[in-house]
Amino acid sequence: MRYLSFIFKSAFLDFSRNKGRTILTSLGILIGVLSVVLLMALGLGLKKYISNQFDSLGANLIYVMPGNEKAMTSGAGMMGGIKFDDKDVLRVKRIEGCEVVAPVFAKPGIEMEANGNSETGELIASTDEINIVMNLQLEEGRLLEHRDNDKRAKTIVISPKIAEKLFDNQRNALGKTITIEGQNFKVIGIYKSKGGGGLGGSDMDSHVFVSNAAAYVFNTEKKYFAIYAKAESKDLIDRVKKDIKTSLLKRYDEKQFSVVDQAEIMGTINQIFNVLNTVLVAIAAISLVVGGIGIMNIMYVTVSERIREIGIRRALGAQSKDILYQFLIESVLLSIFGGIFGLGLAYGIVYLLQSLFPAYIDLISIILSLGVSSVIGIVFGVFPAKKAADLSPIDAIRYE
Amino acid sequence: MSDIIKVDKVWKEYMMGDVLFQALKDINILVKEGELSAIVGPSGSGKSTLMHIIGLLDKPTRGKVFIQGKDISTFTDNKISTLRNEFVGFVFQQFNLINKLTILENIMLPSIYARRKLNYDPKEKALYLIKRFGLVGKENSYPNKISGGQQQRVAIARALIMNPKLILADEPTGNLDSKSGNEILKLLKELNHKEKMTVIIVTHDQLVAKETKRIIQIRDGEVVA
C-alpha cells in the first residue's frame, strides 16, 4: 500500500513539475479518444435515428421493391429496374393474410410553393391505405380517403413542419393551395409529426401525400416504384412474403424484384452502418497510436532526465522491476488522463450536438476508450520503462 | 568478531577506448563486524570502485566478494538489490537525496523497497532519526531547502532506516565545510561506537582517515598498506 502510494505520488509530483509537458503528452491521447468516442457516438446515433424512423412506420410491413435483394443492400436496386403496375398490385392483394396493400409512387426533391414561400420535400402518391402502412396519425383536417383517388381530387396531406414553413401556422394551411411543378393541390389535412429532422432526405416530415390518381400528372406511366403491404400478423410475414414472391415470379425474373420485411431492411442498414462505423473508428484509432508514440517519446525523455534518481533508488534497494513499474505507471497515468479528458470532452460535444443529432455515448464506448488508453500507456510505456529498469545501478548513480 | 565482508582476489578492469584499464588489481580485504575503517587514496586510485563493489553496486571482473560468508557472485540481481536494501546503508558525497520528495519521504524511501515485513514502523523510526539528528521541523521540507550539513544528516538517517549492518560513506565530508564535516564524522563514529555498526569511510583526506581505527591505503588499484 505504502509502496503504491509512493509510486503514484512520485508520478504526480513529476507531472506537476512538468505541467506543460504532461498536458501536451496527454493531448495526443485526448484527441485520439475524443475522435474515436465521437465517431462511435455519431454512428450509434445514426443507427438509432434510422431504427426510430422505422419504428414510426406500421408493424408487420412487407416491401415489394425492384431489384434483387443483393442489389438492395448496395442501394442500386432502388434505382432503375422494373416498375410495378396495377396487375402486380392485384396479385399482391389476392395473397391470403395480406391485410393492406399500398402501391407507392414517389417523387423526391420536389419544390412546393405557396403563399410566396417554398420548401422542398418528397411527394408520395398512393392509395388511402398508405395511412395504415406508414402509420400516419391525423393532426388537423383529414387524411387521404378512398374518394380522393376515385375523384382524382388534387388533394394533399402535409406535415406540421411544411405547414408552418409555407403558411406560418398549421391552421392557416387547411384549404389552401400548394403548387408543385405547376400543379395545384389543396391541403386537406396535416399528419402528426414523425419526428426526426436534420438529416434532409430521410426526414419523414418532408413527406407530402397525394392520391395515386392525383399524381398521374407526374406518373404518366401509371407505374409504382414499390408496393407496400401489411401482413395480418407477425407470424404470417414469412408466408405472405413467399406467396407474393411466387405470384410475382410468374411475371418477372427472380433478379428483377425483391420482397423484404422491415427486419431485413433494418438488418441490412445496420450492417452497412457497422462496416462504415468500424472503418471510421479504425481511422480515428490511428490518432490514438500517434498519441501513444508521443507518450513513448516523452517517457524516453523522462527516463534520461531521471537516470540519477533511478541510480539512487537502485542503490537504496529498488529492484529493476520496481523501476519498471514506476515508469510504467507514469505512462499509463498519462494515457488515462488523456482518455478521461477526451471522454469528458466527447460528452460535452455530444451534449451540444444532441439538439441537432441523436448522438449518444454508450457504456461500451466508455469502457473501450479507457481500456484502450490504458493499453496504449502500457504498450508505449513498456520500452522506456524497460530502458530505465535495465540501467545498471552503478552507471545510473554515477550519471551526471 | 566474525568477518562481515571478505574481498577475495578482486580485479576490476574497464576498456577505455582500446586500452585496458585496471581499476583494481588483486584486492584482498577482510572487514570484521563492528570495525570502523577508512579506505584512503588519491583520486583515481580505485577507492570508489572498491566501495561500489563492497556496496554491491558493481561487480568485480574477477575475484569474489563474500558478505557474511556468502558468495555474492551466485546472487541474482533481485537478491543483490534486496541485500543492498537490507544490509548496506549508503552515504554519498553528493548526498543523493531525491529533491522532489520531502525529508521524511527521503528517509523512508528504502523502506518502501523492503521485501519482507519490517518488525517496526518505518515512519516512527524516521521521525525518531529526524529528532536524533536535529532535523525536527524539517520533515516536510525539501532537500534543496536545507543546508549541506543537514542534507548529509538526512542521508545518514536514510542509510539507517533499514537497520543495516554496514554503513558505506563515500567522501561524506567532501561537500561540507569543516564544522559540518566534523559533525558528520562524529555521527558516523558514534554509530560505530554506540550501535556497533560496521562503518567504512572512503576518503582522500588523511585527517578524516585518522579518525578511524583502521586505514586501508589504496594506490593505483592496489592495497599498499
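- By the naming in an unreviewed UniProt entry, chain B goes by ABC transporter ATP-binding protein and is assigned to Candidatus Roizmanbacteria bacterium RIFOXYD1_FULL_38_12.
- Turning to chain B, the UniProt annotation filed under Sequence similarities (unreviewed entry) states: "Belongs to the ABC transporter superfamily."

- As recorded in an unreviewed UniProt entry, chain A goes by the name Multidrug ABC transporter substrate-binding protein, listed as coming from Candidatus Roizmanbacteria bacterium RIFOXYD1_FULL_38_12.
- Regarding chain A, the relevant UniProt record gives this comment under Subcellular location (unreviewed entry): "Cell membrane".

## With respect to the overall build of chain A
- Helix and strand content of chain A: 14 helices and 10 strands.
- Taking 2.2 N^0.38 as the reference for a compact globule, 400 residues should give roughly 21 Å; the C-alpha atoms of chain A span a radius of gyration of 31 Å, well beyond that estimate.
- A principal-axis box enclosing the C-alpha atoms of chain A has dimensions of 100 × 50 × 35 Å.
- Taking contacts inside chain A between residues at least 6 apart in sequence as the whole, the part at least 24 apart equals 79%.

## With respect to the packing of aromatic side chains
- For the coordinates displayed, the defined rule picks out 11 aromatic pairs over all chains.
- Seen from their ring centres, A:Phe185 and A:Phe218 are 6.3 Å apart, and the 25° between their planes marks the pair as stacked. Here A:Phe218 lies in the loop between β8 (207–211) and β9 (226–231) and A:Phe185 lies in strand β7 (residues 183–191), a separation of 33 residues in the sequence.
- With relative accessibility at 16%, the residue A:Phe218 sits in the buried group.
- Taking the ring centre of A:Phe185 as reference, the NZ or CZ of A:Lys154 above it sits at 5.5 Å.
- Just above the ring of B:Trp11 sits the side chain of B:Arg62; from NZ or CZ to the centre is 4.9 Å.

## Digging into the environment of A:Gly339
Residue and element names in this part refer to chain A.
- By the secondary structure assignment, Gly-339 is in helix α12 (residues 320–353).
- Sequence separation of Gly-339 and Ser-26 is 313 residues, and the distance between their C-alpha atoms is 8.0 Å.
- Those residues in contact with Gly-339 that sit more than four places away from it in its chain are Ile-29, Val-33, Leu-370 and Ser-373.

## Notes on a nonpolar patch on the surface
- Where nonpolar side chains cluster on the molecular surface, the patch consists of A:Val275, A:Leu276, A:Val279, A:Leu280, A:Ile283, A:Ile286 and A:Val290 and spans about 640 Å² of accessible area.
- Mapped onto the fold, A:Ile283 is located in helix α10 (residues 262–305).

## A look at the pairing of strand β6 (residues 177–180) of chain A
Residues and elements named next belong to chain A.
- Residues of β6 alternate between two faces, with Ile-178 and Ile-180 buried on one and Thr-177 and Thr-179 left unburied on the opposite face.
- With two bridges connecting them, strand β2 (residues 98–114) and β6 associate as antiparallel partners. When the sheet's bridge partners are listed, Met-112 is paired in β6 with Ile-180.
- As judged from the four bridges shared by β6 and β7, these two strands associate in the antiparallel manner. Its bridge partner lying in β7, Ile-178 is registered against Phe-185.
- Linking β6 back to β7 in an antiparallel pair, the connection comprises two residues, with Glu-181 at a positive phi of about 45°.

## Some remarks on the pattern of salt bridges
- All chains considered together, the criterion is met by 35 salt bridges over all chains.
- Put simply, A:Asp88 and A:Arg251 hold a salt bridge, and the shortest N to O gap is 2.8 Å. Within this pair, whereas A:Asp88 is found in helix α4 (residues 86–94), its partner A:Arg251 is found in the loop between α9 (237–249) and β10 (257–261), the two being separated by 163 residues in sequence.
- Note on A:Asp88: relative accessible area 0%, which makes it buried.
- Taking relative accessible area as the criterion, A:Arg251 reaches 31% and is therefore assigned partly exposed.
- Here the salt bridges share partners, and the residues they tie into one network are A:Asp14, A:Arg306, A:Glu309, A:Arg313, A:Glu330 and B:Lys100.

## Some thoughts on the interface of chain B and chain A
- If you look at the interface, chain B gives 29 residues, while chain A gives 27 residues.
- Buried surface at the junction of chain B and chain A, summed over both partners, amounts to about 2,700 Å²; 56% is from carbon and sulfur atoms.
- Among the residues chain B hides against chain A, the three largest losses belong to B:Lys100, B:Ile112 and B:Tyr113. Together they make up 28% of the total.
- The salt bridge involving B:Lys100 is made with A:Glu309; its shortest N-O contact spans 3.1 Å.
- Here chain B is connected to chain A by 12 residue pairs in polar contact (both at pLDDT 80 or more).
- At the level of secondary structure, the elements contributing two or more residues to the side of chain B that touches chain A comprise α2 (77–87), α3 (103–112) and α4 (122–132) of chain B.
- At six residues, the largest contribution of residues to the side of chain B that touches chain A is made by α2(B).
- Among the residues forming the side of chain B that touches chain A, the class breakdown is 13 nonpolar, seven polar and nine charged.

## So, unusual backbone geometry
Residue and element names in this part refer to chain B.
- Not every positive phi belongs to a glycine, and Asn-163 is a case in point at roughly 50°.
- Position of Asn-163 among the secondary structure elements: in the loop between α5 (148–160) and β7 (166–170).
- Judged by its relative accessible area of 39%, Asn-163 is partly exposed.
- The backbone phi angle of Asp-220 is positive, close to 50°, even though this residue is not glycine.
- You can see Asp-220 is positioned in the loop between β9 (214–219) and β10 (222–223).
- Since its relative accessible area comes to 53%, Asp-220 is described here as exposed.

## Quick look at the sheet that holds strand β2 (residues 19–32) of chain B
All names here are of chain B.
- One open sheet holds the four strands; their spatial order is β2-β1-β4-β5, and the pairing between them is antiparallel. Each of the sheet's edge strands pairs with one partner strand only, and the pair in question is β2 and β5 (70–71).
- Judged from the 10 bridges that link them, strand β1 (residues 3–16) and β2 form a sheet pairing that is antiparallel. From the neighbouring strand, Met-16 faces β2, where its bridge partner is Val-19.

## As for the nonpolar core
- By size, the foremost hydrophobic cluster in this structure holds 146 residues, and its most contacted members are A:Tyr63, A:Phe209, B:Ile5, B:Leu50, B:Ile54, B:Ile156 and B:Leu188.
- Among the elements that line this core, the one with the most residues is helix α2 (residues 19–56) of chain A, at 12 residues.
- Apart from residues lying up to four places away in sequence, A:Tyr63 is in contact with A:Phe54, A:Leu57, A:Ile227, A:Tyr228, A:Ser258, A:Val259, A:Val260, A:Asp261, A:Gln262 and A:Ile265.
- Grouped together as the second largest cluster of nonpolar side chains are 45 residues, A:Ile95, A:Ala163, A:Phe167 and A:Ile244 included.

## Thoughts on the UniProt feature "transmembrane region" (unreviewed entry) in chain A
All names here are of chain A.
- Mapped onto the present numbering, the UniProt feature "transmembrane region" (unreviewed entry) falls on residues 21–46, 279–303, 324–353 and 359–383.
- Along residues 21–46, the helical share is 100% and the strand share 0%, with 38 Å between the first and last C-alpha atoms.
- With 100% helix and 0% strand, residues 279–303 has its two end C-alpha atoms placed 36 Å apart.

## Looking at the sheet that holds β7(B)
Residues and elements named next belong to chain B.
- Read across the sheet, six strands follow the order β6-β7-β8-β3-β9-β10 without closing on themselves; strand pairing throughout is mixed. Each having just a single partner strand, β6 (88–91) and β10 make up the two edges of the open sheet.
- Across two bridges, the pairing between β9 and β10 is antiparallel. Its bridge partner lying in β10, Ile-218 is registered against Val-223.
- Across the sheet, helix α1 (residues 47–54) touches β3 (36–40), β6, β7, β8 (198–203) and β9, and the angle it forms with β7 is around 155°.

What counts as what
- Residues numbered from 1 in each chain as written.
- Chains lettered and ligands numbered in written order.
- Predicted model: local features only at pLDDT ≥ 70, side-chain atom pairs only at ≥ 80, totals over all residues.
- Heavy atoms only, no water.
- UniProt positions renumbered as here; feature names shortened; annotations may be inferred.
- Helix = DSSP H or I, 4+ residues; strand = E, 2+ residues; numbered from the N terminus.
- Rg over C-alpha atoms; globule rule 2.2 N^0.38 Å.
- Contact = heavy atoms within 4.5 Å.
- Phe/Tyr/Trp six-rings, centres within 6.5 Å; stacked < 30°, edge-to-face > 60°.
- Buried < 20%, exposed > 50% of the residue type's maximum accessible area, 1.4 Å probe, protein only.
- Lys NZ or Arg CZ within 6 Å of the ring centre and 35° of its normal.
- Patch = residues over 30% accessible without salt bridge, like charges linked within 9 Å, V, L, I, M, F, W, Y side chains within 5 Å.
- Areas by Shrake-Rupley, 256 points an atom, 1.4 Å probe, with all protein chains shown as cover.
- Salt bridge = Lys/Arg side-chain N within 4 Å of Asp/Glu carboxyl O.
- Pairing = 2+ DSSP bridges.
- Buried area = accessible area lost by both parts, 1.4 Å probe.
- Polar contact = N/O pair within 3.5 Å; in protein donor to acceptor, adjacent residues only side chain to side chain.
- Nonpolar A, V, L, I, M, F, W, Y, C, P; charged D, E, K, R; others polar.
- Core = buried A, V, L, I, M, F, W, Y, C linked by side-chain atoms within 4.5 Å.
- Axes fitted to C-alpha atoms, helices over the stretch in contact; angles between N-to-C directions.

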